[in-house]
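So the chains spell out like this:
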Amino acid sequence: MPLIKSVRGFTPEIGENTYMAENATIIGDVIIGRDCSIWFNTVLRGDVNSIRIGDRVNVQDGTVIHTLYQKSVSIIGNDVSIGHNAVIHGAEVKDGALIGMGAIVLDHAVIGEGAIIAAGSVVLSGTQVEPGSIYAGVPAKFVKKVDPEQSKEMNQKIAANYLMYASWFTSDPRT
């Protein structure tokens, strides 16, 4: 069972059909939507401010989502994929975006709808990533635009795949 901990009067709320790995940690003012998956060693730490996660979001292994006390919140839209060991700190990730493995997205950054943040990139505080664009590097910079339909299709496929993967961990192992 994951560690689900209340703090400062806030108890995490977990949506229907959401898979949480046994060693995931969800603390405080966190609301997770439906059909999500929160993977191994992930920490959603809503102790100092709020974290909101939409529907069909997969937060992959080792990811940390946190905020700044009284200054920033973390908002993750629908159909978002957050790669292994990413850090989202007080930022907004809009619907259908993809955050690559090991990427860092800092306070008050906004990742536009359908945008892709390349693996290992660092999105600096306050950066506004345009919808349907790819950003890469340290610090992350605009690389190119992506076809919105192609991006949407890819991100929805990833989200569907993670629902399937989660089912492997929740179904009867004898079947």
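Residues numbered from 1 in each chain as written. Predicted model: local features only at pLDDT ≥ 70, side-chain atom pairs only at ≥ 80, totals over all residues. Heavy atoms only, no water.

Enquirer: I'm lost on the overall build of the protein in this one. Help?
Expert: Of regular secondary structure, the protein possesses 1 helix and 20 strands. On C-alpha atoms alone, the protein measures out to a radius of gyration of 15 Å, which is about the 16 Å that the 2.2 N^0.38 rule sets for 175 residues. Expressed as lengths along the three principal axes of its C-alpha atoms, the size of the protein is roughly 45 × 40 × 20 Å. The proportion of buried residues among the 175 residues of the protein is 49%. (Helix = DSSP H or I, 4+ residues; strand = E, 2+ residues; numbered from the N terminus. Rg over C-alpha atoms; globule rule 2.2 N^0.38 Å. Buried < 20%, exposed > 50% of the residue type's maximum accessible area, 1.4 Å probe, protein only.)

Enquirer: Even after reading the chapter, I still don't get the nonpolar core, so can you show me in this structure?
Expert: As a rule of thumb, nonpolar side chains are buried together in soluble globular proteins. Ranked by size, the top nonpolar core spans 32 residues in total, and within it Leu44, Ile53, Ile99 and Ile111 carry the most contacts. Counting only elements with at least two residues in this core, the list comes to strand S4 (25-32) and strand S6 (43-53). If sequence neighbours within four positions are ignored, Ile53 has contacts with Ile31, Ile32, Gly33, Cys36, Leu44, Val59, Ile65 and Ile76. (Core = buried A, V, L, I, M, F, W, Y, C linked by side-chain atoms within 4.5 Å. Contact = heavy atoms within 4.5 Å.)

Enquirer: I would appreciate a short explanation of the pattern of salt bridges in the present structure.
Expert: One side chain can pair with another of opposite charge once the charged atoms of both are near each other. Overall, the coordinates contain 5 salt bridges when judged by the stated rule. The partner of Arg45 in a salt bridge is Asp47, and the shortest N-O contact between them spans 2.9 Å. Asp79 is the partner of Arg56 in a salt bridge, and the nearest nitrogen-oxygen pair spans 2.7 Å. Linking Arg56 in the loop between S6 and strand S7 (58-59) with Asp79 in the loop between strand S9 (74-76) and strand S10 (81-82), this pair joins segments that are 23 residues apart in sequence. (Salt bridge = Lys/Arg side-chain N within 4 Å of Asp/Glu carboxyl O.)

Enquirer: Can you walk me through the packing of aromatic side chains in this structure?
Expert: Here the distance between the centres and the angle between the planes together describe a pair of aromatic rings. Scanning the model with the defined rule gives 9 aromatic pairs in all. With a centroid separation of 4.8 Å and 75° between ring planes, the pair formed by Tyr162 and Tyr165 is classed as edge-to-face. Of this pair, Tyr162 and Tyr165 both sit in helix H1 (residues 148-170), 3 residues apart, which is roughly one turn of that helix. Linked through ring pairs, Tyr19, Trp39, Phe40, Tyr162, Tyr165, Trp168 and Phe169 together constitute an aromatic cluster. (Phe/Tyr/Trp six-rings, centres within 6.5 Å; stacked < 30°, edge-to-face > 60°.)

Enquirer: What should I look at first to understand the sheet that holds strand S5 (residues 37-38) in this one?
Expert: Picture the strands of a sheet paired through backbone hydrogen bonds; they go either parallel or antiparallel. The mixed open sheet is built from 8 strands, whose spatial order is S3-S5-S7-S10-S13-S16-S19-S20. Looking at the sheet topology across the chains shown, the edges are occupied by strand S3 (19-20) and strand S20 (141-145). Examined bridge by bridge, S10 and strand S13 (residues 98-99) share 2 bridges and lie parallel to one another. Each bridged residue has a counterpart across the sheet, and for Ser81 the counterpart in S13 is Leu98. (Pairing = 2+ DSSP bridges.)

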